[in-house]
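Observations on the model geometry
Spelled out, the chains give:
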Amino acid sequence: GASMIVMRCMEVTQKKSSQSFKALDGTIRMMDPNTGERVVMSHKCTELDKTIPSLMGVSKPILEHVVFCHQEDSSWPLQEGAVLKKRFDDIFDSTRYAKALVAIKDS
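Residues numbered from 1 in each chain as written. Predicted model: local features only at pLDDT ≥ 70, side-chain atom pairs only at ≥ 80, totals over all residues. Heavy atoms only, no water.

**So, the overall build of the chain**
- Of the regular secondary structure elements, the chain holds four helices and five strands.
- Going residue by residue from the N terminus, the α and β elements of the chain occur as β-β-β-β-β-α-α-α-α.
- Radius of gyration (C-alpha) of the chain: 19 Å, far over the 13 Å computed for a compact globule of 107 residues.
- In terms of its C-alpha atoms, the chain occupies a principal-axis envelope of roughly 55 × 50 × 30 Å.
- Scored against the burial criterion, the 107 residues of the chain give a buried share of 15%.
- Counting only contacts in the chain whose residues sit at least 6 apart along the sequence, the fraction spanning at least 24 positions is 26%.
- Counting every atom, the chain has about 8800 Å² of accessible surface; 56% of that belongs to carbon and sulfur.
- Distance between charge centroids for the chain: 5 Å, based on 15 positive and 14 negative side chains. (Helix = DSSP H or I, 4+ residues; strand = E, 2+ residues; numbered from the N terminus. Rg over C-alpha atoms; globule rule 2.2 N^0.38 Å. Buried < 20%, exposed > 50% of the residue type's maximum accessible area, 1.4 Å probe, protein only. Contact = heavy atoms within 4.5 Å. Areas by Shrake-Rupley, 256 points an atom, 1.4 Å probe, with all protein chains shown as cover. Lys, Arg positive; Asp, Glu negative; His and termini not counted. Charge placed at Lys NZ, Arg CZ, Asp CG, Glu CD.)

**Topic: the pairing of strand β4 (residues 26-31)**
- The alternating pattern of β4 places G26, I28 and M30 on a buried face, while none of T27, R29 and M31, on the opposite face, is buried.
- With six bridges joining them, β4 and strand β5 (residues 38-43) adopt antiparallel strand pairing. From the neighbouring strand, G26 faces β5, where its bridge partner is H43.
- Taken together, β4 and the strand that follows it, β5, pair antiparallel across an intervening segment of six residues, in which G36 is found at a positive phi of about 80°. (Pairing = 2+ DSSP bridges.)

**As for the confidence of the model for the chain**
- Of the residues in the chain, 99% reach a pLDDT of 70 or more, and the chain-wide mean stands at 84.
- Of all the helices and strands in the chain, helix α2 (residues 60-67) carries the lowest mean pLDDT, 80, while strand β2 (residues 10-14) carries the highest, 92. (pLDDT = per-residue confidence, 0-100.)

**As for the sheet that holds β5**
- With antiparallel pairing, the three strands of this open sheet are ordered in space as β1-β4-β5. The open sheet terminates on both sides in strands that have one partner only, identified here as β1 (4-7) and β5. Across the sheet, the mean angle separating the axes of adjacent strands is 15° when strand polarity is ignored.
- Contacts from helix α1 (residues 45-56) reach β1, β4 and β5 within the one sheet, and its direction differs from that of β4 by about 30°. (Axes fitted to C-alpha atoms, helices over the stretch in contact; angles between N-to-C directions.)

**Some remarks on the packing of aromatic side chains**
- Applying the stated criterion across every chain yields a total of one aromatic pair.
- Their ring planes at 10° and their centres at 5.9 Å tell us that F88 and F92 sit as a pair that is stacked. Taken together, the positions of F88 and F92, both in helix α3 (residues 81-92) and four residues apart, correspond to about one turn of that helix.
- With relative accessibility at 36%, the residue F88 sits in the partly exposed group. (Phe/Tyr/Trp six-rings, centres within 6.5 Å; stacked < 30°, edge-to-face > 60°.)

This is the structure we're talking about:
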C-alpha cells in the first residue's frame, strides 16, 4: 500500500476564566504512484475524517471499533446485547444490506 502522513492541527487558547478549542485544517502527504512526486492535500477536519477511511480502504466503523479502539473500550464484544448488536450493525453495514434486499424484493 501507499505510505501517507496525516497531520491534524488544533489550537487551544486559555484565558483567565475560560478555554477555547479550535480545529484547524489538516493535511495528507503522500507520493503519487504514477509520477513519484510528493502530493499534499489540505482538508478541513470533518472532510479528513471522511477521506482517511476511503484512502485506507476500510470503513469508518472498523477503524473506530477495531483498529483504533481505546484500551478502555477494548471489552466492547462483552457488552450487553443491544449495544453489541449496534456495533456489529455498524461494522458490517447491515442496514445498507437490509435496504438492498428490500429494493431487490420490490423490483
